[in-house]
Amino acid sequence: MCNQCEDAPCLNLCPTGATYRTDDGVVHVDREVCVGCRICVVACPYGSRFPNPITHTADKCDFCYHRITKGLQPACVDACTGRARIFGDLNDPESEIARYLEKHPTQRLRADLDTRPKVHYVHADESIMGPDYTRLMERRAS
């Protein structure tokens, strides 16, 4: 999942401007502008960017932008029957996610990089949170 970083290396290094932040704060890819150079793929410290084998452009999670702009939840949130995912506006103090974050401690992946990711984890396995997150990459591979 893309961490939707406030200081996103993929956005900062995209040579064409194909990676950009929407007015509502989502880091997005314009497939019409992307040339498939993969600089953003390499720049992402979370391994969240990938070359799309169909479009030959960079791709990533965009919180199902086509859904959230219509007032729907991202598909992963809807599909999670255990309610392990909460999605919402971090800037709205009345949103479910803002209220949850106010009351519960959370962690963010690679906080040491100061990218300020917007994705928070609850009770995360500490072995995947810091600079040596090889266990996370091993889990992704399996």
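Look up: the structure comes first, before these words.
Residues numbered from 1 in each chain as written. Predicted model: local features only at pLDDT ≥ 70, side-chain atom pairs only at ≥ 80, totals over all residues. Heavy atoms only, no water.

1. Details of the overall build of the chain
Rules: Runs of E in the DSSP output that reach at least two residues are strands. Runs of H or I that reach at least four are helices, and both are numbered from the N terminus. Classification of residues uses two cut-offs on accessible area relative to the type maximum, computed with a 1.4 Å probe and protein chains only: under 20% is buried, over 50% is exposed, and between them is partly exposed. Only the protein chains shown count as cover for residues, with accessible areas throughout obtained via the Shrake-Rupley method and a probe of 1.4 Å.
Secondary structure assignment for the chain yields six helices and four strands. Helices and strands appear in the chain in the N-to-C order α-β-β-α-β-β-α-α-α-α. The buried share of the chain, taken over its 142 residues, is 35%. Summed over all atoms, the accessible surface of the chain reaches about 8800 Å², with 52% contributed by carbon and sulfur.

2. Quick notes on the packing of aromatic side chains
Selection criterion: Aromatic pairs are defined between Phe, Tyr and Trp rings, using the six-membered ring for Trp, whenever the two ring centres lie within 6.5 Å; interplanar angles under 30 degrees are classed as stacked, those over 60 as edge-to-face, and all others as tilted.
Taken as a whole and judged by the stated rule, the model has one aromatic pair. Ring centres of F63 and F87 lie 5.1 Å apart, and the angle between their planes is 70°; on these two criteria the pair is classed as edge-to-face. Of the two residues, F63 sits in the loop between β4 (58-59) and α3 (65-68) while F87 sits in the loop between α4 (75-79) and α5 (96-103), which places them 24 residues apart along the sequence. When its relative accessible area of 15% is taken as the criterion, F63 is described as buried.

3. Remarks on the nonpolar core
So the rule is basically this: For our purposes a nonpolar core is just a set of buried Ala, Val, Leu, Ile, Met, Phe, Trp, Tyr and Cys residues, chained together by side-chain atoms within 4.5 Å. We call two residues contacting when some pair of their heavy atoms lies within 4.5 Å.
Residues A8, C10, C34 and Y46 are the most contacted members of the largest nonpolar core, which totals 13 residues. Once residues within four sequence positions are removed from consideration, C10 is found in contact with T19, V27, C40, A43 and R49. Ranked by size, the runner-up nonpolar core spans five residues in total, among them V26, F63, Y65 and V119.

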